[in-house]
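Report on the structure
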Amino acid sequence: MIAIDHIALELAKRNLKLWTFPGGTIYPLYDACHRHGVETIVCRSEAGCGYAAIGAAKATGEVQVVATTSGPGATNIVTPCADAYYDSAPVVFLTGQVGSANVIGYSPLRQRGFQETHIKEIVKPIVKYVHQCFAPNSLVKRFIYALDIANELRCGPALIDMPMDVQKGEYTGEFNIEIPPYAVRYSNVSRDNLYPLSNQLSQLELLLASSSRPVILVGAGCRGGIDQLRALVERLGIPTVSSLPAVGFLPTNSPYYFGMVGHTGHPGANLILQRSDLVIALGARLDVRQTGTETDAFVKDKKIVRIDIDKNELDCSRVAVDLAIHARCEDVLDWLLKRNKYDAHTNWRYECETTVDGMWSAKFVQREIAIIMESISEQSPEDCIFVTGVGSHQQHAARHLNLDYPRRQFITSSGHGCMGAGLPMAIGCAISTGRKICLIDGDGSFQMSMNELGTVASRDLDIDIHIINNRCGGIVSQFARLQGYSPQETTWPNPDFNMIADAYGLNLTVHDCEDEGVWPIMEGGRGLDDMTWSEEGSKL
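Each helix and strand in the protein chain was counted, giving 24 helices and 17 strands. A compact globule built from 540 residues should have a C-alpha radius of gyration of about 24 Å, and the protein chain, at 24 Å, falls within 12% of that. Here the C-alpha coordinates of the protein chain stretch approximately 70 × 60 × 45 Å along the principal axes. Burial statistics for the protein chain: of 540 residues in total, 60% are counted as buried.

See the structure below:
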C-alpha cells in the first residue's frame, strides 16, 4: 500500500475531515480519501480552508487537518498557520510539493519545479513542527507525529510537505523518528505530579491568603480548566477579568466577572486590575494589549503571579513577575480547590461592583453599536457560537455579547488579528459542531473572504450573518485620528451586501451605522486607569 493511503487511513481512524482547496500536487490524497471514506470539505480558497480548520479546532478542541497544493497553495496558508500558532489552535497542514527530483533543497536556485516553494523554511518560526519528507515511511510516521504534537500541551500548528512521488511511494513501516529539540520544549510539564512545584504552590497559597484585593486574569491558556476556574471563583468570590480570547470562560453575567481588560477593554475591569494587590494570570500572556505600554505602572503596589504551560512565556515575560508557575492551569486550580484556607473577598467584590457601575455610564452603553450588539445577543439562541471578524466590531462584540462557554462560545482571531478570518471560521464551527452559528463581521473584514459564501450555500450551513456597515476600517481609522494622521485610506464605498448574498441564494443582515469608534480606549504611554473616552481626550 502506498504512503498516501496510510495518511487517509489515519484520518479515517481518527474520524477526521480534510479541509482543502484543490490543486494538482495534492490530488493523490483526495483519491486516497475517497477510497477510505474520509470526507473532504472544499472551501473557496486555501486561506478559507485554513481558517475553517482553525474555527473547527477552536470550537471542538480537536486537531484538524488542512491540505493544499504547492507554490501559491502553500503560501496562501501561511497566514492561517501563523494565526493557529499565536492562538494555540491544533491544526496540521499538509502541502503538496513537486517531485523530489525538482525540489531545490538548500541550493542557491530560486526555483526548479513549477509552483515550487520552499515552504518548510517559510513557516519554521510559526509552527511547533515542520518536515519535508523524502521517503514514504518518513511521511506516514511524521504525519502521525504531527497530529499528536499539534494537540499536545500548548497546542499549535504543524506542517508536513509532501513531494508527489513520495506520496505515491510504497510504505513498508520501517522508520524511527528522531524528535527535534524544538518540538519537545513543553515536555517537562507534568500532567499528574505537582510535587516538584510544591514550593511555588505554597508561595501562591501565602500570597492569596495575605491579599485583600486579588484579581484573576484569565487567558486562553485556561481553556482546559474552565470548570475548576468557575468553582474556585464562586468559592472565594475573587473578582475576575479576561483577555479577548477568554471572554465567556466565566459567564459574562456572573457577579464575579467584570469584563475584558486592556487596550479596548471594559474601563471598570481595567481600573479593578490596576487597583488590585495580587494578579493571578491564568494562561494569559500579559502582552501590551492587556497591560498597556507602561509595565512599571501596571505592577505598582501589587504582586504578579503567572501560571502557564509554556515556559518560554514565563522566562521571557515583558512584565516583572513575583511568582512563575510552569504548569497546566487546571492542575493548579485543582490543587487550590483542595485547600480550605481562604476567606471570601466580599468587601473587595462589592468595591469592584461599585467601580464598574460608576464607569459604565449611560452615555457609553447607549452608543448605537452597543445597542446593535445587545440586540444580536438577545435574538440569538441560547446554544449558539458567536464568531467575529477583526476590527472595531470584534471589540464591541467582546464587550456586549452575553457569553457562557461552551453554551455560548466566542471565537475570533486574537493574537494575529486577521481581517477576513470571520466567515471561514464560522464555516468551520458550523460543520464541526452542527450548532447554530452567529457571525458578526465588519464591512471591511467581510469583503476579504466573502467568496466563502459559496461554501455556506453549497453545504446549506446554519449561519446567521450580521455585517456592521460603517463604510470604513473603523479601528484603524480611529488609530489614525488619535495619532494625528488623515484616515482617508480607511474609508470606502461598499457594495450592496444583500445583493451579493442573494447571488448565492443566501440572506444576511446589514446594520448600517456611523463609525462611532471604540471608546474608551487605552492609548500608548497611558496606564489601565488612564483610558481616553473620546477624541477630545476626556479621561476616566
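Read on for the rest.
Axis separation between helix H3 (residues 46-60) and helix H5 (residues 78-86) bottoms out at 8 Å; the angle between their running directions is 20°. As the angle between them shows, H3 and H5 are arranged roughly parallel. Considering the relative orientation of H3 and H5, their crossing is right-handed. Here Ala47, Gly50, Tyr51 and Ile54 of H3 come into contact with H5, specifically with Thr79, Pro80, Asp83 and Ala84.

The next point concerns the sheet that holds strand S7 (residues 214-218). Judged by pairing direction, the sheet is parallel, and its 6 strands sit side by side in the order S9-S8-S7-S10-S11-S12 without closing on themselves. Across the chains shown, the open sheet's two edge strands, defined by having one partner strand only, are strand S9 (257-260) and strand S12 (323-326). Within the sheet, the average angular offset between the axes of one strand and its neighbour, ignoring direction, is 15°. As paired strands, S7 and strand S8 (residues 240-242) are joined by 3 bridges and run parallel to one another. Within S8, the residue paired with Ile216 across the bridge is Thr240. Packed on one face of the sheet, helix H9 (residues 198-210) meets S7, strand S10 (278-282), strand S11 (303-308) and S12 and runs near 135° to S12.

All right, on to the packing of aromatic side chains then. On inspection of all chains with the given rule, the structure shows 5 aromatic pairs. Both rings, one in Tyr27 and one in Tyr30, keep their centres 4.8 Å apart while their planes meet at 85°; by these two values the pair is edge-to-face. With Tyr27 and Tyr30 both in helix H2 (residues 27-35) and 3 residues apart, this pair spans about one turn of that helix. Tyr27 sits in the partly exposed class, given a relative accessible area of 47%. Between Tyr129 and Tyr145, the ring centres sit 4.8 Å apart and the planes meet at 90°, which makes this aromatic pair edge-to-face. Remark: Tyr145 occurs in helix H7 (residues 136-150) and Tyr129 occurs in strand S5 (residues 129-132); sequence separation between them is 16 residues. On the basis of relative accessible area, Tyr129 is assigned to the buried category, the value being 1%. The ring centre of Phe298 lies 5.5 Å from the NZ or CZ of Lys302, which sits over that ring.

All right, on to the packing of helix H10 (residues 226-236) against helix H15 (residues 329-337) then. Relative to each other, H10 and H15 sit at 35°, their axes nearing to 9 Å. Here the hand of the crossing between H10 and H15 comes out left-handed. Side by side, H10 and H15 meet where Gln228, Leu229, Ala231, Leu232 and Arg235 of the first sit next to Glu330, Leu333, Asp334, Leu336 and Leu337 of the second.

In the segment running from Tyr405 into Pro406, the intervening peptide bond is cis, with an omega of -5°. As for its placement among the helices and strands, Pro406 is situated in the loop between helix H19 (392-400) and strand S14 (408-411). Going from Trp519 to Pro520, the amide bond is cis rather than trans, its omega being -5°. If you trace the backbone, Pro520 turns up in the segment after strand S17 (509-512). Even without a glycine there, the phi angle at Leu286 is positive, about 55°. Among the secondary structure elements, Leu286 is positioned in the loop between S10 and helix H12 (288-291).

We now examine the state of the cysteines. Counted by the stated rule, this structure contains 0 disulfides. As a non-bridged cysteine, Cys133 has Cys81 as the owner of its nearest cysteine sulfur, 15 Å distant.

Bringing the sheet that holds S14 into the picture now. Whenever strands of a sheet pair, they do so through backbone hydrogen bonds, lying parallel or antiparallel. Read from one edge to the other, the open sheet built from 5 strands follows the order S14-S13-S15-S16-S17, with strand pairing classed as parallel. Looking along the sheet, the strands with just one partner apiece sit at the ends: S14 and S17. Direction aside, neighbouring strands of the sheet carry axes that sit 20° apart on average. Alignment of strand S13 (residues 384-388) against S14, held across 4 bridges, turns out to be parallel. By the bridge assignment, Cys384 is partnered in S14 with Arg408.

With that settled, consider the pattern of salt bridges. Overall, the coordinates contain 26 salt bridges when judged by the stated rule. Of the charged contacts in the structure, one is a salt bridge between Asp148 and Arg14, with a shortest N-O distance of 3.2 Å. With a gap of 134 residues between them, Asp148 in helix H7 and Arg14 in the loop between helix H1 (3-13) and strand S1 (18-20) connect regions that are remote in the sequence. With relative accessibility at 38%, the residue Asp148 sits in the partly exposed group. According to the relative accessible area criterion, Arg14 is partly exposed, its value standing at 28%. For Lys311, the salt bridge goes to Asp315, with nearest N and O atoms at 3.0 Å. Residue Lys311 and its partner Asp315 are located together in helix H14 (residues 311-315), separated by 4 residues, close to a single helical turn. Here the salt bridges do not stand alone but share partners, grouping Arg154, Arg306, Asp310 and Glu313 into one network.

With 53 residues, the main nonpolar core has Trp19, Val91, Val387, Phe446, Ile463 and Ile465 as its most contacted residues. For this core, the leading source of residues is H3, giving 8 residues. Residues within four places of Ile465 in sequence aside, it is in contact with Leu423, Leu439, Phe446, Leu453, Leu508 and Thr509. Counting 52 residues, the second largest nonpolar core, distinct from the first, contains Ala327, Leu337, Cys384 and Leu403.

The rules we used
- Residues numbered from 1 in each chain as written.
- Predicted model: local features only at pLDDT ≥ 70, side-chain atom pairs only at ≥ 80, totals over all residues.
- Heavy atoms only, no water.
- Helix = DSSP H or I, 4+ residues; strand = E, 2+ residues; numbered from the N terminus.
- Rg over C-alpha atoms; globule rule 2.2 N^0.38 Å.
- Buried < 20%, exposed > 50% of the residue type's maximum accessible area, 1.4 Å probe, protein only.
- Axes fitted to C-alpha atoms, helices over the stretch in contact; angles between N-to-C directions.
- Parallel < 35°, antiparallel > 145°, perpendicular 65-115°, else oblique.
- Left-handed = near helix turned anticlockwise from the far one by under 90°.
- Contact = heavy atoms within 4.5 Å.
- Pairing = 2+ DSSP bridges.
- Phe/Tyr/Trp six-rings, centres within 6.5 Å; stacked < 30°, edge-to-face > 60°.
- Lys NZ or Arg CZ within 6 Å of the ring centre and 35° of its normal.
- Disulfide = S-S within 2.5 Å.
- Salt bridge = Lys/Arg side-chain N within 4 Å of Asp/Glu carboxyl O.
- Core = buried A, V, L, I, M, F, W, Y, C linked by side-chain atoms within 4.5 Å.

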